[in-house]
Amino acid sequence: MQLGRISLHTTKALQANTQQNTANTNKLSTNPFGVSFKGNVIQADVFQSAKKAAEKVSVMQRGKLFASAVVGGINSFNEAFKTRMNNIVSFGKKFTADVIEKLDRIGSTEISFDMSGIANRLFPDRQYSVKNLSTKSVDELKAMWQGIGQLA
Amino acid sequence: MENNAKIKNIIQALGQHKDSDAAIELLTELGTNCPDDEIRELTAQALIRKNTHESLRVVLIHQGKGINDLSARVAMTAINELLSLKDKGEAIKILDDTIKLHSEEDVKNTARSVRALMTFS
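Residues numbered from 1 in each chain as written. Chains lettered and ligands numbered in written order. Predicted model: local features only at pLDDT ≥ 70, side-chain atom pairs only at ≥ 80, totals over all residues. Heavy atoms only, no water.

### Examining the overall build of chain A
- A tally of regular secondary structure across chain A gives six helices and two strands.
- Listed N to C, the secondary structure of chain A is α-β-β-α-α-α-α-α in terms of helices and strands.
- By the burial criterion, 11% of the 152 residues in chain A qualify as buried.
- Carbon and sulfur atoms make up 61% of the accessible area of chain A, which amounts to about 12800 Å² in all. (Helix = DSSP H or I, 4+ residues; strand = E, 2+ residues; numbered from the N terminus. Buried < 20%, exposed > 50% of the residue type's maximum accessible area, 1.4 Å probe, protein only. Areas by Shrake-Rupley, 256 points an atom, 1.4 Å probe, with all protein chains shown as cover.)

Put into structure tokens, the structure is as follows:
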């Protein structure tokens, strides 16, 4: 019955161990379900708060997170830059198309200038030059003289 | 450009105008009756330079115009212009007729003086 003794001792030891583990579990874990893995109660508190988890992030992990954020930021920046560049390029294309269209319109528009009228408007005294007046009829000169007014 | 300068240019253009009769008529109507001495002076010059019977009659025989103008400046300018004429024949003929036939004594006396000046010039 040595085997039986051993078995009994083993059983007792196991029981003691189990009781001890249970006590440890009750003491250390807030796990209300007493989840165990391969006979060992999971020590980590799966219901710990996010704040606690964040506190436990190692320096290396923080570095990785920071690098990830930087990379993500660069990617976001690239996306934003590409979007803006696309907007600029599309605006440029539209502007070019508009200019070409307007140039086509100008090219197909017949423009005439009344150079004499423009010159008279730009240089109002020019119409009273002797050279210009000599080309006018006496009736026109009379009208101009009377138009000048009070001295006539 | 001032109004006077514009009118001066119009007078100058009328002095060179091809339609001489119409130009003389306009100068007589507007120029010789202008209250501004300078305009009347320029008008008298333009009419004398035309050197036609009608234009000279206006400045030689009409009371208050040309050599008979109340403004001494206008009258003297007209006389100087007459004396500057290359062909004085028509002016002398009109002055002689005025001295003989005009009803106004003042006009006759002025014509006589100018006629004398033209003889000696």
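After presenting the structure, the write-up continues.
### Concerning the packing of aromatic side chains
Residues and elements named next belong to chain A.
- Per the counting criterion, the structure on display carries one aromatic pair over all chains.
- With a centroid separation of 6.3 Å and an interplanar angle of 25°, the aromatic rings of phenylalanine 91 and phenylalanine 95 are classed as stacked. Pair noted here: phenylalanine 91 and phenylalanine 95 are both in helix H3 (residues 59–107), with a separation of four residues, about one helical turn.
- Overall, the relative accessible area of 57% leaves phenylalanine 91 in the exposed class.
- With a relative accessible area of 51%, phenylalanine 95 lands in the exposed category. (Phe/Tyr/Trp six-rings, centres within 6.5 Å; stacked < 30°, edge-to-face > 60°.)

### Some words on the interface of chain B and chain A
- Across the contact, 25 residues belong to chain B and 18 residues belong to chain A.
- Buried surface at the junction of chain B and chain A, summed over both partners, amounts to about 1900 Å²; 75% is from carbon and sulfur atoms.
- At the boundary of chain B with chain A, the tally comes to one salt bridge.
- A salt bridge links glutamate 29 of chain B to lysine 142 of chain A; its shortest N-O distance comes to 3.3 Å.
- Joining chain B to chain A, the criterion identifies three residue pairs in polar contact (both at pLDDT 80 or more).
- Mapped onto the side of chain B that touches chain A, the elements with two or more residues apiece are helix H1 (3–15) and helix H2 (20–31) of chain B.
- For the side of chain B that touches chain A, the leading source of residues is H1 of chain B, giving ten residues.
- In terms of residue class, the side of chain B that touches chain A is built from 14 nonpolar, seven polar and four charged. (Contact = heavy atoms within 4.5 Å. Buried area = accessible area lost by both parts, 1.4 Å probe. Salt bridge = Lys/Arg side-chain N within 4 Å of Asp/Glu carboxyl O. Polar contact = N/O pair within 3.5 Å; in protein donor to acceptor, adjacent residues only side chain to side chain. Nonpolar A, V, L, I, M, F, W, Y, C, P; charged D, E, K, R; others polar.)

### Describing helix H3 (residues 37–50) of chain B
- Taking 1.5 Å of rise per residue, 14 residues should cover 20 Å, and H3 of chain B covers 20 Å from first to last C-alpha, within 8% of that figure.
- Among all positions of H3 of chain B, only Ile39, Arg40, Glu41, Thr43, Ala44, Gln45, Ala46, Leu47, Ile48 and Lys50 of chain B are buried.
- Against helix H6 (138–148) of chain A together with H1, H2, helix H4 (53–61) and helix H5 (72–84) of chain B lie the buried residues of H3 of chain B.
- You can read the cap of H3 of chain B off the contacts: a side-chain oxygen lies 2.9 Å from the backbone nitrogen of glutamate 38 of chain B, and it is on aspartate 36 of chain B.
- Residue asparagine 51 of chain B follows H3 of chain B closely and has a positive phi angle near 55°. (Expected span 1.5 Å × (residues − 1).)

### Comments concerning the packing of H1 of chain B against H3 of chain B
Residues and elements named next belong to chain B.
- Where H1 contacts H3, the two axes come as close as 9 Å, and the packing angle between them is 10°. Taken together, the axis directions place H1 and H3 in an arrangement best described as roughly parallel. On H3, the residues touching Asn4, Ile7, Lys8, Ile11, Leu14 and Gly15 of H1 are Glu38, Ile39, Leu42, Thr43, Ala46 and Lys50.
- In terms of residue class, the contact of H1 with H3 is built from six nonpolar, three polar and three charged. (Axes fitted to C-alpha atoms, helices over the stretch in contact; angles between N-to-C directions. Parallel < 35°, antiparallel > 145°, perpendicular 65-115°, else oblique.)

### A closer look at the side chain of glutamine 45 of chain B
All names here are of chain B.
- Within the secondary structure layout, glutamine 45 lies in helix H3.
- In this structure glutamine 45 comes out as buried when scored by relative accessible area, which is 17%.
- A distance of 3.4 Å separates polar atoms of two side chains, one belonging to glutamine 45 and the other to glutamate 81.
- With residues near it in sequence (within four places) discarded, glutamine 45 still touches Thr77 and Glu81.

### Brief notes about the packing of H3 of chain B against H5 of chain B
Residue and element names in this part refer to chain B.
- Running from amino to carboxyl end, H3 crosses H5 at an angle of 20°, the nearest separation of the two axes being 9 Å. As far as their axial angle goes, H5 and H3 are roughly parallel. Crossing handedness for the pair H3 and H5: right-handed. For the pair H3 and H5, the contacting residues are Asp37, Glu38, Arg40, Glu41, Ala44, Gln45, Ile48 and Arg49 in the first and Arg73, Val74, Thr77, Ala78, Glu81 and Leu82 in the second.
- Classifying every residue of the contact of H3 with H5 gives five nonpolar, two polar and seven charged. (Left-handed = near helix turned anticlockwise from the far one by under 90°.)

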